[in-house]
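# Coordinate inspection notes
Listed below, chain by chain, are the residues.
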Amino acid sequence: MARTRRTKATRVWLWRWRRNPLRRHSDSVEAWIVLGIWTLALLGGSAAGQWALRSAEDSIASRSAEAHTVSAVLTEDAPKTPGVTTSGTGGDLVWAKVSWTSADGATHTGRARVEPGGKAGTTATVWTDGTGKLVSEPATGTEAMLESAFAGVLAGTGVGAGVLLCGWLVRRHLERRRMGEWETEWKQVGPQWRKRLTG
């Protein structure tokens with residue numbers, strides 16, 4: 001059944017391109033619009049995906065280049081067991097309040113992820129950026145690759161879907177217009193057919 005539908009759709013599509021006395025100007029326009037929409041969706045989606053992939057890679061590389069480790073001191077006892085996340089699994093690290101000194105000599109405090117069970121006054125390694133603010137640990141090579149790929153796929157799919165949606169709206173407008181033209185023509189031809197049928 002699905003194969004029959006596909007064959008019928010292919011015949012209708014080819015009918016719009018072939019020379020045919022029944023083909024209207026709007027059929028030719030729609031055929032070109034469909035071709036343009038699919039071309040634009042594929043090329044635009046691909047370009048957007050590549051751009052998003054490169055942007056994500058650059059952003060991750062920039063963040064990784066700025067992040068570096070510093071030695072911090074726990075200002076409170078760290079929890080002994082990691083908390084359970086919404087996915088039902090616990091991480092290896094826990095959140096605790098720490099204090100550290102940035103490269104310019106300023107002292108900072110904040111909450112960072114540290115090893116569980118640490119006592120106040122013990123040292124911990126934390127990640128900071130160029131301004132001395134706490135940042136998350138940079139993504140590993142695999143994590144960075146997955147994050148970049150996800151951004152690329154999301155952007156490419158979004159652009160492609162947007163183009164296809166616009167094309168669908170244009171085709172609906174053409175369909176409504178075509179139906180209006182048919183209705184107008186039928187108002188002119190219909191009475192003549194009725195006269196012939198009724199004699």
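Structural data are supplied above this passage.
A brief report on the enclosed structure follows. Residue numbers here run from 1 along each chain, matching the order of that chain's written sequence. The model is predicted, so local features are restricted to residues of pLDDT at least 70 and side-chain atom pairs to those at 80 or more, both for listing and for counting; the totals for chains, interfaces and linings are taken over all residues. Side-chain measures were taken over the full set of non-hydrogen atoms in the model, leaving aside hydrogen atoms and water.

## A closer look at the overall build of the protein chain
Under the scheme used here, helices are H or I runs from DSSP no shorter than 4 residues and strands are E runs no shorter than 2 residues, and both carry numbers assigned from the N terminus. For the protein chain, the count of helices and strands is 3 helices and 4 strands. Going from the N terminus to the C terminus, the protein chain shows its helices and strands as α-α-β-β-β-β-α. When the 199 residues of the protein chain are sorted by exposure, 22% land in the buried category. Accessible area of the protein chain: about 14400 Å², with a carbon and sulfur share of 61%. Classification of residues uses two cut-offs on accessible area relative to the type maximum, computed with a 1.4 Å probe and protein chains only: under 20% is buried, over 50% is exposed, and between them is partly exposed. We get accessible surface area from the Shrake-Rupley algorithm with a probe of 1.4 Å; when it comes to residues, only the shown protein chains can shield them.

## Points about the sheet that holds strand β2 (residues 94–101)
The strands making up a sheet associate through backbone hydrogen bonding, with each pair oriented either parallel or antiparallel. Think of it this way: DSSP has to see at least two bridges between two strands before they count as a pair. The strand order β3-β2-β1-β4 describes an open sheet built from 4 strands, whose pairing is antiparallel. Taken across any chain shown, the strands that pair with only one partner, and hence form the sheet edges, are β3 (107–114) and β4 (123–128). Along the sheet, successive strands turn relative to each other by an average axial angle of 50 degrees, direction set aside. Strand direction decides the pairing type here: β2 and β3, joined by 8 bridges, are antiparallel. Along β3, the bridge assignment pairs W95 with R113. Here an axis means a line fitted to C-alpha atoms, over the contact stretch when the element is a helix, while the angle between two N-to-C directions is reported on a 0 to 180 degree scale.

## Remarks on the pairing of β4
Alternating positions in β4 separate cleanly, A124, V126 and T128 being buried on one face and T123, T125 and W127 remaining unburied on the opposite face. Pairing geometry for strand β1 (residues 68–74) and β4, over 6 bridges, is antiparallel. Bridge assignment links A72 to a residue of β4, and that residue is A124.

## Quick look at a nonpolar patch on the surface
Residues enter patches when they are more than 30% accessible in relative terms and free of salt bridges; like-charged ones are connected within 9 Å and nonpolar ones (Val, Leu, Ile, Met, Phe, Trp, Tyr) within 5 Å. Definition used for salt bridges: Asp or Glu carboxyl oxygen within 4 Å of a side-chain nitrogen of Lys or Arg. Together, W38, L42 and L164 make up an exposed nonpolar region whose accessible area comes to about 320 Å². The exposure class assigned to L42 is exposed, which follows from its relative accessible area of 60%.

## With respect to the pattern of salt bridges
Scanning the model with the defined rule gives 6 salt bridges in all. We note a salt bridge from R111 to E76, for which the minimum N-O separation is 3.3 Å. Of this pair, R111 sits in strand β3 while E76 sits in the loop between β1 and β2, and the two are 35 residues apart along the sequence. On the accessibility criterion, R111 (48% relative accessible area) is partly exposed. Between R177 and E181 there is a salt bridge, and its shortest N-O distance comes to 3.9 Å.

## Re the nonpolar core
Counting 12 residues, the largest nonpolar core consists of V70, A72, L74, A78, V94, A96, V98, W100, A112, V114, A124 and V126. Among the elements of the structure, β1, β2, β3 and β4 are those that each provide at least two residues to this core. When residues of this core are assigned to their parent elements, the largest contribution, 4 residues, is made by β2. Residues in contact with A124, not counting those within four places in the same chain, are V70, S71, A72 and V114. Put simply, buried Ala, Val, Leu, Ile, Met, Phe, Trp, Tyr and Cys residues joined by side-chain atoms within 4.5 Å make one nonpolar core. Contacts are residue-level and defined by heavy atoms, with any inter-residue pair within 4.5 Å sufficient.

Shape descriptors only; they carry no functional weight alone.
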